[in-house]
Amino acid sequence: MTTPSERSAEAVRSIRSDRARLLARTDLVGSELRAGLTAMFDSWLAGLLPPAPGVALLAVGGLGRREPTPYGDLDLVLLHDGKALGAAETASVADSLWYPIWDAGMGLDHSVRTPQQALAVAAEDLKALLGMLDARHIAGDPALTGLVREQAISRWRRGAQEKAPQLRELARGRWNSRGDASFLLEPDLKDCQGGLRDWVGLRALASAQLLDLTPAVQQAATVLLDVRGELHRLAGRPADVLRAQDRESVARALGLPGPDEVLRAVHEAARTLAYATDAAWRRVAGAERPAPRSLLSRLRPAVATGRSPGAAAARVPLAKDVVAQAGEVVLARDADPWADPVLTLRVARAAASADLPISAYALSRLVTEGAPLPEPWPAAAREEFVALLGAGARAVPALEALDQHGLLSRLLPEWEQVRFKAQHNPVHLFTVDRHLIETAVRAGALASEVARPDLLLVGALLHDIGKGYPGDHSVTGAALAGRMASRMGFSAADAATVASLARHHLLLPDTATRRDLEDPSTVALVVSAIDGSAELLELLHHLTIADAAATGPAAWSDWKASLVSQLVHRVAGVLGGDRLPAARPPSEAVLRLARGGGIEVVIEGADVLMAAPDATGLLSSASGLLALHSLDVQAADVRTVGTMAVNRFTVSPRFGELPDPALLNADLRRILAGTLALDERLRAKERSYRLSGDSGQLAQPPRLLWFDDEATDATVLEVRTRDGIGLLHRLTAALESAGADIRSARISSLGAHVVDAFYLTDADGKPLSEAHRERVELGLVRALAG
């Protein structure tokens, strides 16, 4: 006869081998894997429960829903009737369950309760109540399980309307800390907005008969469950965040073409769940969205009396065949979508203007009965579309509603290519499609500052449309945007302007941050690119601001805004008849330092000026000094006055404030005297940053780009690579070793990546020859390889 200890050891061996065997079957993925895990856990747990009267084992959580993951926690409740067994016997039964689970290394959330105790806890604890809704009988007395399930569901249905706000606050707390899985490059599949906990919330509301779980919502949850299951299997432990390095393996397991398709599927699924959750809260809470004052007063009878949305009878006209009713935008009774191709846009614009959601029924009718717009669009359609884009943040839910129902892609077929498309640069907060909408929203706030707000809004919406297609997205996007604008009914000249906005939307920020604004060639470059159009310059300036604001905080700063503004001012001056600006002479501060004739460091605002006798290696030493003091360089100007070099660095401290100039002065003297081991100190600093700050993002290979005609008497070299401590020091040292004189430099940071632009000349002050470039490239490749 085997002892309890021996039975427990056998149980542990059994589940470990069964799970390993199951997970080794790569033919089992998705729902089939979950079914296999459910059957395995059910059978194993049932075998753990000893035969005893008055007890039952319930699975709640993922196993209760038949959605277990390979390494997820087991949520279990041991029910007992409180009569058949004494306290010691009940504890013994519990021990026989919990210890093998712990010994098998599984996470366990467990409780031992009578039905009355379980229901009492559920009455006070919403999370416990939600768990009870998913409770499933595993073994023992099924009557106990039935009693708890019946009572829990009954109580939830009676109190769901009252408890729903609490459930919503729980969700909002998660969203605030975890973000939105619809946009993140590394989303948390469980706790983000649009994650699986939202799926559980939707199930709970559906069990209270407050909504229906549509096939789209169920499919979205299936996608997240499938990906989460493969993440667990890949990691061999609980793993809920889809990391960049895991996407390819997950794609292979799920039979998807590649890592981007996995992320895109997750974004789409999360967006579907988030949209459904928003709609659910509106339905549960009634007409809670604040309406504009005038409209609110007209809808007040429905709102003030607290009647449910369905009870409100007022129908307030918003536009032709569009009315507001019960806090939603609906179609008028006589509306005929097939006879009115503009109706979809009119509904969306009215919803945005009134800040009301579009009813699901109205959207359904527009999908099934709506007529396609003729090409080109009639003027009324174009005007409604521009008005929708100009509604600001209120346009987002209206466009989102159209998008979720396929209506936006029906209006703009090219939109399908950018839907849920990730942007693999961490400075971007949003997927491409949402970024385009957010850019249009921000452009709406600037519309009054330009002569053609319609072109600004449409250009903002389409400026990155090329990202859904192969090739340079600006070039591809220009052709697409021009055709789309023509289809919208814009004139040929206006369509060309929209195309130019897409083609040159990076012209101003890239030029301002990567080129020397003092160089007349820089202004000439922009004038040529925009073909001398002051209107296009104005539109591009405001598109740049809107685009940066919609990208994320890392994409813009007061410094960048100032550079763009300076560039626009100079270009506008030339377009207005001014001469190209001549290069500015050295400032009085530079001349004073040069006249001093010694080593000196001065700080002026965000600028650090370093003066020293001119010598090879001075610039790289100065760059290394700044890196050593955790100062990120944004721009560098190199001036030689007689035998003195005066370098001006525009910097931003990575931490805290600028250091004491006396300290910088002392360290610079030590570096130039060879008594401070600069390279060794920088390597140590870089190692410590790698250890603490590596996000796991896949590094792109460095790129070296040459520009022949974008500087006066110099060659421009751009080095595009991943940022790192001492990078500028290494690059300038390589350039100096290759015999290239650095006239100035511009450092443009894009999250973890930089574009360092150098104005280079040879020893005679002339642009570099082809042979000289090859030597420079060879040195840079070695420096970048570390």
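1. Observations regarding empty space enclosed by the protein
Using the criterion set out here, one finds two cavities of 30 Å³ or more in the structure. By volume, the largest cavity amounts to about 200 Å³. Looking at the largest cavity, it is lined by 18 residues, and the ones nearest its centre are Asp632, Val633, Asp723, Gly724 and Leu728. Counting only elements with at least two residues in the lining of the largest cavity, the list comes to helix 27 (618–628), strand 10 (631–641), helix 30 (727–737), strand 14 (741–750) and strand 15 (753–761). Across the lining of the largest cavity, the residue classes tally to nine nonpolar, five polar and four charged.

2. Some remarks on the pattern of salt bridges
Inspection of every chain in the model, using the stated rule, returns 49 salt bridges. Of the charged contacts, one joins Arg34 and Asp226 as a salt bridge, the two residues approaching to 2.7 Å between their closest N and O atoms. One end of the pair, Arg34, is in helix 2 (residues 30–48); the other, Asp226, is in helix 9 (residues 215–235), and 192 residues separate them in sequence. You can call Arg34 buried: its relative accessible area is 8%. Residue classification places Asp226 among the buried residues on the basis of a relative accessible area of 18%. In this structure, a network of salt bridges that share partners links the residues Arg271, Glu400, Asp433, Arg434, Glu438 and Arg442.

3. What to know about helix 5 (residues 115–124)
Inspection of helix 5 places Pro115, Ala118, Leu119 and Ala122 among the buried residues, and these make up the whole buried set. Buried positions in helix 5, seen along its axis, are confined to an arc of 95 degrees and lie on one side of it. Of the residues in helix 5, the exposed ones pointing more than 90 degrees away from the buried face are Gln116 and Glu124. In this fold, the buried residues of helix 5 make contact with strand 2 (74–80), strand 3 (108–113), helix 6 (126–133) and helix 7 (142–178).

4. Overview of the side chain of Arg487
By secondary structure assignment, the location of Arg487 is in helix 20 (residues 473–487). Overall, Arg487 belongs to the buried group, its relative accessible area being 16%. The residues touching Arg487, leaving out its near neighbours within four places in the chain, are Glu375, Pro376, Trp377, Leu411, Leu412, Pro413 and Glu414.

5. Notes on the environment of Asp109
In this structure, Asp109 sits in strand 3. Taking C-alpha positions, Asp109 is 8.5 Å from Val77, a pair spaced 32 residues apart along the chain. Setting aside residues up to four positions removed in sequence, Asp109 forms contacts with Leu74, Asp75 and Leu76.

6. Looking at the sheet that holds strand 5 (residues 315–319)
Backbone-to-backbone hydrogen bonds join strands into a sheet, with any given pair of strands oriented parallel or antiparallel. If you walk across this open sheet you meet the three strands as 5-6-7, and the pairing is antiparallel. For this open sheet the edge positions go to strand 5 and strand 7 (328–331), each flanked by a neighbour on one side alone. Pairwise comparison of adjacent strand axes, ignoring direction, gives a mean angle of 40 degrees for this sheet. Sheet topology note: the strand 6 (residues 322–325)/strand 7 ladder contains four bridges and is antiparallel. Within the sheet, the bridge partner assigned to Ala324 lies in strand 7 and is Val329.

So, how was this worked out
Residues numbered from 1 in each chain as written. Predicted model: local features only at pLDDT ≥ 70, side-chain atom pairs only at ≥ 80, totals over all residues. Heavy atoms only, no water. 1 Å grid on protein atoms, 1.4 Å probe; cavity = no way out; pocket = protein on both sides within 12 Å on 5 of 7 lines; lining within 4 Å. Points joined across faces, edges and corners; volume = space filled by probe spheres on them. Helix = DSSP H or I, 4+ residues; strand = E, 2+ residues; numbered from the N terminus. Nonpolar A, V, L, I, M, F, W, Y, C, P; charged D, E, K, R; others polar. Salt bridge = Lys/Arg side-chain N within 4 Å of Asp/Glu carboxyl O. Buried < 20%, exposed > 50% of the residue type's maximum accessible area, 1.4 Å probe, protein only. Arc of directions from axis to C-beta. Contact = heavy atoms within 4.5 Å. Pairing = 2+ DSSP bridges. Axes fitted to C-alpha atoms, helices over the stretch in contact; angles between N-to-C directions.

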